[in-house]
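Below are the chains, spelled out letter by letter.
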Amino acid sequence: MKKVGCLCLMACCLGWLWAGPAAAPALAGDDYKLPEVSVTATRSERELDKLPRNVTVITRQEIESLSPLTVTDVLKTVAGVTVRDYSGTGALASVDLRGFGETGALHTLVLVDGRRMNQIDLSGVDFTTIPVENIERIEILRGPASVLYGDSAVGGVISIITRGGKGKPTANLQAQYGSHELWGLRGYAQGGLDKLGWFVSARQDYTDGYRQNSETRLRNFTFNTRYDGANGWGFLVDGGLNQTHYSLPGGLDQAQYDADRKQSLSPNDWGEKKAGDIRGQLSKDWGAGGRLTADLSFRRQDNESELGGYHNARIESQINTYGVQPKYVLDHSLGGLANRVTLGVDYYHIAMDNDQFLLSGPKSESIEYKVMSLGPYFLNELNITPALLLSFGARYQRADYDIDLKPVGAADSSKSYDDDQTAWSVGLTYTFAPGSKAYARASRTFRYPTVDEYVTYGAFCPLDPEKGHNYEVGGEWSFMPGGRLSLAFYILQMEDEIAYNNDTMTNENLDDTEHKGVEASLVVPVHKILSLFGTASYQENTFTAGPNDGKDIPLVPEWKASAGATLKLGQGFTGTLRANYLGERPFGNDRNNEFEKMDSFITVDLNLDYRWDRYKLFLNANNILGEKYATWAYASSYGYSYYPEPEQVIWGGVGVSF
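Residues numbered from 1 in each chain as written. Predicted model: local features only at pLDDT ≥ 70, side-chain atom pairs only at ≥ 80, totals over all residues. Heavy atoms only, no water.

### Re the overall build of the protein chain
Right, on to step 1. Regarding its fold elements, the protein chain presents 7 helices and 37 strands.
Right, on to step 2. Sequence separation of at least 24 residues holds for 65% of the intrachain contacts in the protein chain that already meet a minimum separation of 6.
Right, on to step 3. For the protein chain, the exposed area adds up to about 27400 Å²; of that, 59% sits on carbon and sulfur atoms.
Right, on to step 4. Each charge sign in the protein chain was given a centre, from 62 positive and 82 negative side chains, and these centres are 7 Å apart. (Helix = DSSP H or I, 4+ residues; strand = E, 2+ residues; numbered from the N terminus. Contact = heavy atoms within 4.5 Å. Areas by Shrake-Rupley, 256 points an atom, 1.4 Å probe, with all protein chains shown as cover. Lys, Arg positive; Asp, Glu negative; His and termini not counted. Charge placed at Lys NZ, Arg CZ, Asp CG, Glu CD.)

As structure tokens, then:
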């Protein structure tokens, strides 16, 4: 019955969307905004109402009105996006699109100005190293994007585009303080001349954390310079330095969780990441002859951690990533029809050294990894009519892995893996009014194993890359100035998903799975000072073969929703009240669904922002009702393991611009 209900809901809403052209004339007198633009969905600027996919764009103004601590504070409010956090401070938060549960972070590609933030190991993306004050916009692409971005872009893409400098030099300083000894200092400066722009920022944040041994400290510096030369030439150099130190409070069993959810049984566990990156970009615009950009990038990340208990280990690793990414975009006429073709190549060479030591003891193991990835791609976008756009594209990607395992006191061993994968997509978009569309899309996607998945506890794991086919229909309707309804229905059928088997203590390819659901969002400006909004997503993520056929994938809720209101007064005040709901879901590791599900929960957040002249005051409260919940928890024959999230967290601050 649930499946029938969702299909009926989808049919009714799509019927409403397709009825848009009949309703459009009644709105013709309204002052519509120009359609929003995405630079991620096609790797060049394209209006959202031309894209055959479900895309959300979060602007700098929206981010600033929330004064979030981290990027994940923004992402958790978006339809279809599930955020999970091990420590409750954001340092170990992960993002899941389209319901992959425990491996959600490995199926979601994160980009910053087009650079991949996902590493070749399981360390994940540290969202705290991305300063929110630097962000110009965030684009969330739901569903596979492997044609343009290759490996890992299975559930979707989180693309963060940072600010550039222009005009008269300005600066901003901000200080904040809050619960759990939270404090932070942040600042940026920017400016530019006729053809030169620059932007620099720095910050330092600290929190004791909600739980014992959950202290987090971070420092960050970034810079961006751009020069637009004569005859269409352009040059850009940007980069940054990041350092994050985080304590690891660990999990709690059921009795410990009920007795004192703030306690930690691993008081001395910690981790640290140090990273630096730099990119140079050369661009040339020939006008009618097309546009060429070429990126050359380098990123180094050093990781260190100490884990007690049965781990009894200190782990050090260094990852060096070199990237070359040329891209050519041509707008031209094809048989009298407007056409855009995008051609590009992504090349990465990655070297990782991993050393493991006994705590206060000698080295026990070394592993050296080398990965080469080469992926040429193309995307063609043909305007069959001014309102109807056909897009199709493909990618070929080759990945070569060389792994040398060097245990102390035992013989060395080596393995080499290589694999060729292809991705394709075809989509059709009908724009029936400004900012309004209906679309359909089909695509093939893939994900290569991380190096940590290939090697587990000193043993090689024979793994195949993941493959999947995605089918999606949906639409958006801009029904009044500032109002929008968005709806998407998808089915993603996966083969060879990779997950850790707690019984065999190895990684393995799973039986076939299916991810399907409905994503909806609505914004209604009921008055010039008041807007109502809501999001909802329903998912059915199940195994479709093997002994767990018909069982739900762990940690993925069927329902996720949010609703709230934003009040904007002419005196510079903005207030947002939001309620967030996450439904029941199986515990991590519970693939045969033998345990009761994790409890659903509701949190309520409040954001208050006041601007006067050069000054800003803000006050935020997350989980103001003090809900006790966890987004990460595991169940096995040994019992339960919970990673509690904070109860009420309040912080505020002041900012001044110069």
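### Regarding the pairing of strand 6 (residues 108-112)
Each regular strand displays side chains that alternate between the two surfaces of the sheet.
Right, on to step 1. The buried fraction of strand 6 is high, at 5 of 5 residues.
Right, on to step 2. Here strand 6 shows no split at all, with Thr108, Val110 and Val112 on one side and Leu109 and Leu111 on the other all buried.
Right, on to step 3. Of the strand pairs in this sheet, strand 6 and strand 7 (residues 115-116) are connected by 2 bridges, and their pairing is antiparallel. In the sheet register, Leu111 faces strand 7, and the bridge partner there is Arg116.
Right, on to step 4. Connecting strand 6 to the next strand, strand 7, in antiparallel fashion are 2 residues, including Asp113 with a positive phi near 55 degrees. (Buried < 20%, exposed > 50% of the residue type's maximum accessible area, 1.4 Å probe, protein only. Pairing = 2+ DSSP bridges.)

### Structural notes on unusual backbone geometry
Right, on to step 1. At Arg43, a residue that is not glycine, the phi angle is positive and equals roughly 65 degrees.
Right, on to step 2. One can find Arg43 in the loop between strand 1 (37-38) and strand 2 (46-47).
Right, on to step 3. Its relative accessible area of 11% is what places Arg43 among the buried residues.
Right, on to step 4. Positive phi outside glycine occurs at Asn312, with the angle close to 45 degrees.
Right, on to step 5. Inspection of the secondary structure assignment puts Asn312 in the loop between strand 16 (291-307) and strand 17 (313-334).

### Side note on the side chain of Gln421
Right, on to step 1. Positionally, Gln421 belongs in strand 21 (residues 413-433).
Right, on to step 2. Judged by its relative accessible area of 7%, Gln421 falls in the buried class.
Right, on to step 3. At 2.7 Å, the side chain of Gln421 forms a polar contact with the side chain of Asp419.
Right, on to step 4. Once residues lying within four places of it in the same chain are set aside, the contact partners of Gln421 are Arg395, Tyr396, Gln397, Arg444, Phe446, Tyr448, Pro465 and Lys467. (Polar contact = N/O pair within 3.5 Å; in protein donor to acceptor, adjacent residues only side chain to side chain.)

### Describing the packing of aromatic side chains
Right, on to step 1. Scanning the entire structure with this criterion turns up 22 aromatic pairs.
Right, on to step 2. The interplanar angle of 25 degrees and the centroid separation of 6.5 Å between the aromatic rings of Tyr227 and Phe235 together place this pair among those described as stacked.
Right, on to step 3. Using a relative accessible area of 41% as the deciding quantity, one classes Phe235 as partly exposed.
Right, on to step 4. Summarising the aromatic geometry, the rings of Phe587 and Tyr642 are spaced 5.8 Å apart at their centres and angled 80 degrees between planes, so their arrangement reads as edge-to-face. Here Phe587, found in the loop between strand 32 (573-582) and strand 33 (601-612), pairs with Tyr642, found in strand 36 (residues 639-644); they are 55 residues apart in sequence, far enough to count as distant.
Right, on to step 5. Here the aromatic cluster, defined as three or more aromatic residues joined through ring pairs, consists of Tyr257, Phe587, Phe595, Tyr640 and Tyr642.
Right, on to step 6. Cation over ring: Arg84 sits above Trp632, and NZ or CZ is 5.9 Å from the ring centre. (Phe/Tyr/Trp six-rings, centres within 6.5 Å; stacked < 30°, edge-to-face > 60°. Lys NZ or Arg CZ within 6 Å of the ring centre and 35° of its normal.)

### Some words on a nonpolar patch on the surface
Right, on to step 1. On the surface, Leu193, Leu196, Tyr227, Trp233, Phe235 and Leu282 cluster together into a nonpolar patch covering about 590 Å² of accessible area.
Right, on to step 2. Turning to its location among the elements, Trp233 is positioned in strand 14 (residues 233-247).
Right, on to step 3. Look at Trp233 and you get partly exposed, because its relative accessible area is 36%. (Patch = residues over 30% accessible without salt bridge, like charges linked within 9 Å, V, L, I, M, F, W, Y side chains within 5 Å. Salt bridge = Lys/Arg side-chain N within 4 Å of Asp/Glu carboxyl O.)

### A short note on the pattern of salt bridges
Right, on to step 1. By the definition in use, this model includes 40 salt bridges.
Right, on to step 2. Put simply, Asp605 and Lys76 hold a salt bridge, and the shortest N to O gap is 3.6 Å. Residue Asp605 is found in strand 33, and its partner Lys76 is found in the loop between helix 4 (71-75) and strand 4 (81-85); the two are separated by 529 residues along the sequence.
Right, on to step 3. Classification of Asp605 as buried rests on a relative accessible area of 4%.
Right, on to step 4. Residue Lys76 is classed as partly exposed on the basis of its relative accessible area of 26%.
Right, on to step 5. A salt bridge links Asp400 to Arg398; its shortest N-O distance comes to 3.2 Å.
Right, on to step 6. Since its relative accessible area comes to 27%, Arg398 is described here as partly exposed.
Right, on to step 7. Taken together, the salt bridges that share partners define one network made up of Arg115, Asp238, Asp277, Arg279, Asp295 and Arg299.

### Focus: the sheet that holds strand 8 (residues 135-142)
Each strand in a sheet pairs with another by means of backbone hydrogen bonds, the pair being arranged parallel or else antiparallel.
Right, on to step 1. Strands sit in the order 3-8-9-6-7 across an open sheet of 5 strands; the sheet is mixed. Since the sheet does not close on itself, it has two edges, and those belong to strand 3 (55-59) and strand 7, each with one partner.
Right, on to step 2. Here strand 3 pairs with strand 8 via 5 bridges, running antiparallel. In the strand pairing of strand 8, Thr56 is matched with Ile140.

### As for the side chain of Gln190
Right, on to step 1. Its place among the elements puts Gln190 in strand 11 (residues 182-192).
Right, on to step 2. Within polar-contact distance, the side chain of Gln190 engages the backbone nitrogen of Lys166 at 2.9 Å.

### Comments concerning the environment of Pro169
Right, on to step 1. In this fold, Pro169 is placed in the loop between strand 9 (156-162) and strand 10 (170-178).
Right, on to step 2. Residue classification places Pro169 among the exposed positions, given a relative accessible area of 53%.
Right, on to step 3. Residues Pro169 and Arg398, 229 residues apart in the sequence, show an inter-C-alpha distance of 46 Å.
Right, on to step 4. Leave out the neighbours within four places in its chain, and Pro169 touches Gln190, Gly191 and Trp198.

That's the geometry; what it means functionally is another story.
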